[in-house]
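Structure assessment
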Amino acid sequence: MIRAGIVGASGLAGGELIRLITQHPDMELTFLGGSSHVGRRPAELHPGLRLDLGLTVEPATEATADRVDVVFLATPAPVSAELAALFADRTAAVIDLSGAFRIRTPELHDRWYPKAKRRTDLADRFVYGVPELVGDQMADAALISLPGCYATAITLGLAPLTLGLGLDLRTVVVDGKSGSSGGGLQLRTADLHPLRNGAIAPYAPVGHRHAAEVRDFLERNKPGSVGSLSMSAYGVSHVRGLLASSYVFTDEAVDQRELQRAYVRFYKEHRFVRVRRHTETLIPVPDPQAVLGSNFCDVTVMHDDESDRIVVLSALDNLVKGAAGQAVQAANKRFGLPEETGLTMQPVMPA
């Protein structure tokens, strides 16, 4: 049995980790960490979890490492940077859900995460990426940094073009729309119900840090390249789920049939990426509501003959495949388990 600890257990991603790990046949939850809710039980913090695990939230210390085989850091980037230094080389695996170690390039990291002061030697040791793309590296990794929710959707959407077909993408423009849970539990005026409900809020219209990590990752992985990648992000009135629409311009000739075959071939062995045709269901897909509660990412690729562009749509649940589910999937890869272990739940729809 793999002993698992969660630091940041009171947050939304922390709650999802508790939900998933308590249903995992090969993991046992042995530690819950945090700072603002010390002494509280999971059921007090997460109303949907009426569990008596015999655990309460405790401060994370060096001694915590003796109680866990893997520690999940569901904490803000500055906190994860400190905790990674605390647990590195003391546990079999550290899996960080924050942005502390996502961007390898120091200058780019400092631009987007200026408050996350990390050790350079640790940054070089972290394996970054989604399991579908770097799963072999995760098998022996002691330190794993997971992509952000948008970055997961965008990278899974673009990977068959760059890593599969080896295309040079001249320009990529991403339009992202995410539910309110993507912002966590911080209290902000713009997130109050009277202002958020029914809104389409342009909270990052001229740049998003998840786009920076996608570009950083794709530049370090060949074949294929990305000339420029820009992103605008909008908050919508959903609670969970996101849709990333990537508009791709390339000088290389491709058509719809070639693209569809390439995507199906690329993800043939990866059960959590569902390559879909836009009109295959009663509602157009991908749609975030068709993946809620699951670890699936639905991807559709289309060629726009009129403007000679590729349109890639990627939808996922930002708290599962975009955070906690992907963390468990990475842990499965790290400890030699089938990657679907504990993650076979189907989407809940309507939700």
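The following paragraphs examine the structure supplied in this document.

Definitions and limits used
Note on numbering: residues in each chain are counted from 1, in written sequence order. Given that the model is predicted, a residue must reach a pLDDT of at least 70 before its local features are reported, and side-chain atom pairs must reach 80 or more before they are shown or counted; all residues, however, enter totals for whole chains, interfaces and linings. The basis for every side-chain value is the complete set of non-hydrogen atoms in the structure, without hydrogens or water. Strands here are runs of E lasting at least two residues and helices are runs of H or I lasting at least four, both read from the DSSP assignment and numbered beginning at the N terminus. We call two residues contacting when some pair of their heavy atoms lies within 4.5 Å. We call two strands paired when DSSP finds no fewer than two bridges between them. The rule for a salt bridge is simple: a side-chain nitrogen of Lys or Arg has to be within 4 Å of a carboxyl oxygen of Asp or Glu. Burial classification: accessible surface area is computed with a 1.4 Å probe over protein chains only, and a residue below 20% of its type maximum counts as buried, one above 50% as exposed, and the rest as partly exposed. We define the nonpolar core as a collection of buried residues of types Ala, Val, Leu, Ile, Met, Phe, Trp, Tyr and Cys that are connected through side-chain atoms lying within 4.5 Å of one another. A crossover gets the label right-handed when its path from the first strand over the helix to the second runs clockwise, viewed with the strands pointing away from the viewer. Exposure above 30% relative accessible area and the absence of a salt bridge qualify a residue for a patch, where like charges join within 9 Å and nonpolar side chains (Val, Leu, Ile, Met, Phe, Trp, Tyr) within 5 Å. All accessible areas in this document rest on Shrake-Rupley with a 1.4 Å probe, and a residue is counted as covered only by the protein chains that are shown. Charged-residue counts in this description rest on Lys and Arg as positive and Asp and Glu as negative, His and the chain ends being excluded. For the purpose of locating charges, the reference atoms are NZ of Lys, CZ of Arg, CG of Asp and CD of Glu.

1. A closer look at the environment of alanine 324
Along the polypeptide, alanine 324 turns up in helix 11 (residues 320-334). When the C-alpha positions of alanine 324 and leucine 165 are compared, they lie 30 Å apart, and in sequence the two are 159 residues distant. Setting aside residues no more than four positions away along its own chain, alanine 324 makes contact with Ala13, Glu16, Leu17, Leu20, Leu97 and Leu319.

2. Some thoughts on the pairing of strand 10 (residues 225-236)
Relative to strand 10, strand 8 (residues 168-178) runs parallel, the two being bridged by ten bridges. Its bridge partner being in strand 10, valine 172 is matched across the sheet by leucine 229. Bridging between strand 9 (residues 200-204) and strand 10 involves three bridges; their strand directions are antiparallel. Bridge pairing links alanine 204 to alanine 233 in strand 10.

3. Quick word on the pattern of salt bridges
One pass over the full model with this rule turns up 20 salt bridges. Residues aspartate 304 and arginine 309 are paired through a salt bridge, measuring 2.8 Å at the closest nitrogen-oxygen approach. Taking the relative accessible area as the measure of exposure, arginine 309 reaches 25% and is therefore partly exposed.

4. A few points about unusual backbone geometry
Following valine 285, the chain continues into proline 286 via a peptide bond in cis, with omega recorded as 5°. Along the chain, proline 286 falls in the loop between strand 12 (273-275) and strand 13 (297-304). The linkage connecting methionine 349 with the following residue, proline 350, adopts the cis geometry, with an omega of 0°. Along the polypeptide, proline 350 turns up in the segment after helix 11. Look at aspartate 89: it is not a glycine, yet its phi comes out positive at around 70°. Mapped onto the elements of the fold, aspartate 89 is located in the loop between helix 3 (77-87) and strand 5 (93-96).

5. Focus: the nonpolar core
One recurring pattern in soluble globular proteins is that nonpolar side chains are buried together. Counting 76 residues, the largest nonpolar core has Leu17, Ile21, Phe72, Ile95, Leu158 and Leu161 as its most contacted members. Here this core takes nine residues from helix 7 (residues 149-164), the largest share from any one element. When residues no more than four places from it in sequence are discounted, the contact partners of leucine 158 are Leu169, Val172, Leu218, Leu229, Ser246, Val248 and Tyr263. Within the second largest apolar cluster, 23 residues are counted, among which are Leu83, Phe101, Ile103 and Phe126.

6. Here's the deal with the sheet that holds strand 4 (residues 70-73)
Reading across from one edge, 3-2-1-4-5-7-6 is the order of the seven strands in this open sheet, with parallel pairing throughout. In the strand order of this sheet, the two ends are held by strand 3 (57-58) and strand 6 (127-128), each with one partner. Examined bridge by bridge, strand 4 and strand 5 share four bridges and lie parallel to one another. If you follow phenylalanine 72 over to strand 5, its bridge partner there is isoleucine 95.

7. Brief notes about the pairing of strand 2 (residues 27-33)
In terms of burial, strand 2 is a largely internal element, six of the seven residues being buried. Chirality of the crossover, the property in question, places the unit of strand 1 (residues 2-7), helix 1 (residues 12-21) and strand 2 among those that are right-handed. Bridge count between strand 2 and strand 3: two bridges; the pairing is parallel. Bridging across to strand 3, leucine 32 finds its partner in valine 57.

8. A few points about a negative patch on the surface
Taken together, Asp255, Glu258, Asp305, Glu306 and Asp308 make up a surface patch of like negative charges. For aspartate 305, a relative accessible area of 63% corresponds to the exposed category.

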